[in-house]
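Below are the chains, spelled out letter by letter.
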Amino acid sequence: MGKEAFPDTHHSHSENTYLGFWIYLMTDLIMFATFFAVYGVVRNNTFGGPSAKDILDLSYGLVETLVLSTSSFVCALGLRAALTNQKQKMISLFGLTFLLGITFLTMVGFELTHIVQSGYSWEMSAFLSSYFTLMGTHAAHIVIGLIFMAVFVAQVGFWGLTDVTKKRMTTLSMFWFFSYIVWIFMYTIVYLIGAQ
Amino acid sequence: MNEIFGRLTIDAFKHDLIEASVGVSILIAGAVMTFLLTYYKRWTWLWKEWITTVDHKKIAIMYLIVSAAMLFKGVVDAGMMRAQQVLSVGDSFGYLGTEHYQQLFTAHGVAMIFFVAMGFVAAFINYFIPLQIGARDVAFPFVNALSFWFFVAGGMLLITSLMIGNYSGVGWVAYPPLSGIEYSPGVGVDYWIWSIQVSSVGTLLTGINFLVTILKMRCPGMSLMKMPMFVWSVVVTLILIIFAFPILTATTGMLTLDRVMEMHFFTSGFGGSPMMYVNLIWAWGHPEVYILILPIFGIFSEIVPIFSQKKLFGYVSMVVALIAIAFLAFVVWLHHFFTMGAGPNVNTFFGLMTMLISVPTGVKIFNWLFTMFRGKILFTTPMLWFLSFVFLFTIGGVSGVLMSVAPIDFQVHNSLFLVAHFHNVIIGGVVFGIFAGFTYWFPKMFGFKLEEKYGAFAVFFWVFGFLFAFIPLYILGLMGATRRLDHYEASTGWWPLFAVAAFGFVIISIGIGFQCLQLYVSYKNRKKNRDKTGDPWNGRTLEWSTSSPPPFYNFAHTPEVHDIDPFWVMKEKGLKEAKGNYEKIHMPKNTPHGFFIGVLSFLFGFAIVWYMWWLAIVSLIGIFVSLIVRFSDRDTEWYVPVEQIEQIESKRGK
Amino acid sequence: MENREEHHLTSIKSYFFAYLLTVGLTLVAYLIAVNSLFSPAALYITVAALGLGQAFIQLYVFFELGKELKPRWRLGVLLFTIMVTVIIVFGSIWIMYNLNYNLME
């Protein structure tokens, strides 16, 4: 680690926040990894009920992936606008990010509701429990992301782009990008590989 | 099922005589405290100085108080179990019913591990990490307060279970399917889950907070290889916390889903895999025990040089050993379930890894002994705890290595041999380390020294008490006695050993008595024993350069260091801290939101236990609201004016 | 994210290319999986690799991991996380499937 620079106090609190939040995201990754490990073990434990192939529509999942991926991209543009002090542009871009997030959530909602209404619910087997838990936990992250997106964008609206609000938009974006990365694993492992 | 009260009925309040008396005592204690606070008009003081504080030193003291209370509860649990085991033989069935006994050993384990060991360790980390790295605060003071209140909320869920409903009786790791809804339909396991989930959020946040603090807020000149060994041990511990606790969150989360939403992760039918639970819970559980012991190793690395009056032997190898132990801690977890059915290749791999982990541990013990060699030993209370640790922890470690051999483990798995092993390393290691740290750092935290002689008696009684209480258990385990038995036949021949073990508990209690006496007498003599210099032990690290206790901002001037043991070097060179030329200091303001969120999470846990869904939703929303209100507050910091600093600093040494 | 080099922001072009790559890799993986273009084992590995590739692009561009100044704590923590994840996930799968060992034959 050799010679370390000691950041001056003006910048260091933001950097501490980003490092701290990054470490939190790593813990979240381990939590998801645990759910995925369980999925790996029980994915064939269908107890006579449906398997991934039976209930999953890969094309539908593809559209969900594209929606969330676009949301992630637009979020990055919105963050860039924030860091270059373009308040209005930031608000519009995050508005779009939010809408795409809601679209994703609605699609997931329809998908899960459809599966339940087909008669296949989480109480039927270990596989279904695992599937619904993975999807539900990810969706919960999206919901929380959307709530804080609304709150922090509103704060930018009221207070303008200050060091604090920029720090919050950055942290929020980190969370949003992370949520998409988790979805990549979801789509790859549960949909593409799982439904073979 | 009631809409408002879920499954909470008047029956939840009905308990047998013993349980009822516990609940009543708790309520009386609460009533007495409320009365005293009102009589002495201290509510505002309590709110302003303690409940809303974000000062890491005060938070540390609050951790100490909660952990001490939990220690008392855990010791009472142990005494009750020992009494039962000595009385319940042959035709006699003792005084405790089986269900109550099961709740006792479960609550004893959870209280001791989550709320005593982790609480005391959190206290030392909170108080001394910022001081030892020359920082004025932690990276995220609000999050630090929040961590503490999550800890309290989890503890309160445990305590509440003694009065409303009952606690889990399925062991401290709660294996399914026994812990699932089919075989444990009551509230006990849910209390277990939520007391752990809530306090674990606090633990995880502490892990993140202090890791960022140590990585980013060290004072100028303090590179990683110049940090005190306690800080190094904490860094490694925090990494273990950060990577192990999410596994616990996910696993107990899945158990909740099984119980509350009829899912089938760990059920015995419907494709569930109870063995996966065992696998995951120990993937967390093994790093957890290293989380308990590594800070203790750090504390001893502080204490041994001071009381050998000689610098620590082998700093670099100590650091390497810590890192090795941390890595190995992640690849040994299967040794907790050698008997679950894996083949010889799996069992052998994990057995070998387990044996390996004793090597870096041994390196550390030898380094401490080499530090003592040719030193001028001072047999103070902390040093006596250390010496007892070397003796007892080594025995415990050796019994662990014995069990790492899978075929041997097959004989002693879940016997009293295992129980003796882990108490050996936890008491001889963690508890003695906590006592050592407490007696070592006491003058710094409270401003006066402890009366030494009572400490020596405490050590003596604890060591002999431990031997009487647990050596018989090693023998019993080898004779075939299983753990968690509340009754056995006289023909087993076990009774005399249980009697000796019960006697051991009495001896330990005398030791505890001496510790209480020490605190009482020292408090009475506090003016006589005041620590005026801030450096009662001729210390080597930066915390001893402050007053006892330190000012709320820790350092008037941020120290600049160039060596290991920086304070020692400063003293050798005759460098004194510069007086005057102060600059105003940026400090965080107090906040009630840590406390509010703690209360709301308690309500959330309570609500889910009792199926009061409306309350669960309301308290969850409340947590979000509190967070958002906190985020909307722009007035969260202040500057300490130079005049105030001058005033505080001028009072030093008087 | 925002290091001490505030003015060296990632360009819109970089974000756009990362986005296109992500979409592209997703489409390729989708086509392979839906048409079962390879044998099961090869398919798993290919699709997983495509997914991992996407994740790394996201980490490199969106999280700006490549830009972190020394000491590279975030990279270090990420590597450690990957190591622990691999140990836990593959260790668990190894253990759980091995539990049938004594039942075989």
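From a predicted model like this one, the values you see are computed outputs, not experimental measurements. (Residues numbered from 1 in each chain as written. Chains lettered and ligands numbered in written order. Predicted model: local features only at pLDDT ≥ 70, side-chain atom pairs only at ≥ 80, totals over all residues. Heavy atoms only, no water.)

## Looking at the overall build of chain B
Each helix and strand in chain B was counted, giving 19 helices and two strands. Based on the C-alpha atoms only, the size of chain B along its principal axes is roughly 75 × 60 × 50 Å. A buried classification covers 61% of the 654 residues belonging to chain B. In chain B, once contacts between residues fewer than 6 apart in sequence are set aside, the share between residues at least 24 apart is 83%. Summed over all atoms, the accessible surface of chain B reaches about 25300 Å², with 70% contributed by carbon and sulfur. (Helix = DSSP H or I, 4+ residues; strand = E, 2+ residues; numbered from the N terminus. Buried < 20%, exposed > 50% of the residue type's maximum accessible area, 1.4 Å probe, protein only. Contact = heavy atoms within 4.5 Å. Areas by Shrake-Rupley, 256 points an atom, 1.4 Å probe, with all protein chains shown as cover.)

## With respect to the interface of chain C and chain B
Taken together, the contact between chain C and chain B spans 17 residues of the former and 28 residues of the latter. Buried area between chain C and chain B, summed over both chains or domains, comes out near 1900 Å², and the portion from carbon and sulfur atoms is 81%. Counting the surface chain C buries against chain B, the share from its top three residues, W73, I95 and L99 of chain C, is 29%. Applying the counting rule to chain C against chain B returns zero salt bridges. On the surface where chain C and chain B come into contact, there are two residue pairs in polar contact (both at pLDDT 80 or more). Of the residues in the side of chain C that touches chain B, the class split is twelve nonpolar, five polar and no charged. (Buried area = accessible area lost by both parts, 1.4 Å probe. Salt bridge = Lys/Arg side-chain N within 4 Å of Asp/Glu carboxyl O. Polar contact = N/O pair within 3.5 Å; in protein donor to acceptor, adjacent residues only side chain to side chain. Nonpolar A, V, L, I, M, F, W, Y, C, P; charged D, E, K, R; others polar.)

## Description of the pattern of salt bridges
Residue and element names in this part refer to chain B. Enumeration according to the criterion identifies 13 salt bridges over all chains in this entry. A salt bridge links K528 to E451; the nearest nitrogen and oxygen atoms lie 4.0 Å apart. Residue K528 is found in the loop between helix 15 (495-524) and helix 16 (566-572), and its partner E451 is found in the loop between helix 13 (416-446) and helix 14 (452-478); the two are separated by 77 residues along the sequence. Overall, K528 belongs to the exposed group, its relative accessible area being 63%. Salt bridges sharing partners connect three or more residues here, namely R7, D190 and R259.

## With respect to the packing of aromatic side chains
The full count for this structure, using the stated rule, is 90 aromatic pairs over all chains. Centre to centre, the rings of Y440 of chain B and W544 of chain B are 5.2 Å apart; their planes meet at 65°, and the pair counts as edge-to-face. Here Y440 of chain B is found in helix 13, whereas its partner W544 of chain B is found in the loop between helix 15 and helix 16, with 104 residues between them in sequence. For the pair shown, Y440 of chain B and W544 of chain B are each scored as buried. The rings of Y39, F104, W122, F127, Y131, F132, W183, Y187 and Y191 of chain A are connected pair by pair, giving a single aromatic cluster. Just above the ring of Y639 of chain B sits the side chain of K584 of chain B; from NZ or CZ to the centre is 4.6 Å. (Phe/Tyr/Trp six-rings, centres within 6.5 Å; stacked < 30°, edge-to-face > 60°. Lys NZ or Arg CZ within 6 Å of the ring centre and 35° of its normal.)

## A look at the side chain of D531 of chain B
Residue and element names in this part refer to chain B. Counting through the fold element by element, D531 comes out in the loop between helix 15 and helix 16. It turns out D531 is buried and unbridged, and the closest side chain with the opposite charge, K444, is 5.0 Å from it. At a separation of 3.0 Å, a polar atom in the side chain of D531 contacts the main-chain amide nitrogen of G534. What D531 contacts, discounting residues up to four positions off in sequence, is P443, G447, F448, P536 and S548. (Lys, Arg positive; Asp, Glu negative; His and termini not counted.)

## A closer look at a nonpolar patch on the surface
A cluster of nonpolar side chains, namely V24, I28, V32, F35, L36, Y39 and Y40 of chain B, defines an oily patch on the protein surface of about 740 Å² accessible area. When you line up the elements, Y39 of chain B lands in helix 1 (residues 17-39). (Patch = residues over 30% accessible without salt bridge, like charges linked within 9 Å, V, L, I, M, F, W, Y side chains within 5 Å.)

## A closer look at the interface of chain C and chain A
With 45 residues of chain C at the interface, the matching set in chain A holds 47 residues. Both sides together, the interface formed by chain C and chain A hides about 4300 Å², and carbon and sulfur atoms give 77% of it. One can count zero salt bridges joining chain C with chain A. Counting only elements with at least two residues in the side of chain C that touches chain A, the list comes to helix 1 (12-34), helix 2 (40-62) and helix 3 (73-98) of chain C. Residues that form the side of chain C that touches chain A fall into these classes: 31 nonpolar, ten polar and four charged.

## A closer look at the side chain of N279 of chain B
Along the chain, the position of N279 of chain B falls in helix 8 (residues 274-308). Take N279 of chain B: its relative accessible area is 0%, and that puts it in the buried class. Engagement of the side chain of N279 of chain B in a polar contact is seen with the side chain of S92 of chain C, the distance being 2.8 Å. Once residues within four sequence positions are removed from consideration, N279 of chain B is found in contact with W333 and F337 of chain B together with S92, I95 and M96 of chain C.

## Considering the packing of helix 4 (residues 98-132) of chain B against helix 7 (residues 229-261) of chain B
Residue and element names in this part refer to chain B. Two numbers describe how helix 4 lies on helix 7: the axes approach to 11 Å, and their chain directions differ by 135°. In this view, helix 4 runs oblique relative to helix 7, as classed from their interaxial angle. For the pair helix 4 and helix 7, the crossing hand works out as left-handed. Contact with helix 4, carried on its side by F114, M118, F124, I125, F128, I129 and Q132, involves F230, V231, V234, F245 and L248 of helix 7 and no other residues of that element. (Axes fitted to C-alpha atoms, helices over the stretch in contact; angles between N-to-C directions. Parallel < 35°, antiparallel > 145°, perpendicular 65-115°, else oblique. Left-handed = near helix turned anticlockwise from the far one by under 90°.)

## Digging into the nonpolar core
Among the nonpolar cores identified, the biggest contains 326 residues, and W22 and Y131 of chain A together with F114, W368 and W610 of chain B are the most heavily contacted of them. Excluding anything up to four places from it in sequence, F114 of chain B contacts G119, F151, W172, I196, S200, L248 and W284 of chain B. Y553, A556, I585 and I645 of chain B belong to the second-largest nonpolar core, a separate cluster that totals seven residues. (Core = buried A, V, L, I, M, F, W, Y, C linked by side-chain atoms within 4.5 Å.)

## With respect to the packing of helix 8 of chain B against helix 11 (residues 381-403) of chain B
Helices that pack against each other are described as a pair by the angle of their axes relative to one another and the distance between those axes. All names here are of chain B. For the pair helix 8 and helix 11, interaxial distance at closest approach is 10 Å and the crossing angle is 125°. Taken as axis vectors, helix 8 and helix 11 run oblique relative to one another. Handedness of the crossing formed by helix 8 with helix 11: left-handed. Between helix 8 and helix 11, the residues in contact are I293, F297, F300, I303, V304, F307 and S308 and P382, M383, F386, F389 and F393, respectively. Considered class by class, the residues forming the contact of helix 8 with helix 11 number eleven nonpolar, one polar and no charged.

## Side note on helix 1 of chain C
For helix 1 of chain C, spanning 23 residues, the distance from its first C-alpha to its last is 33 Å, which sits close to the expected 33 Å at 1.5 Å a residue. Tucked into the core, helix 1 of chain C has its buried residues touching helix 3 (58-83) and helix 6 (163-193) of chain A together with helix 2 of chain C. Phi turns positive one or two residues past the end of helix 1 of chain C, at S36 of chain C, with a value near 45°. (Expected span 1.5 Å × (residues − 1).)

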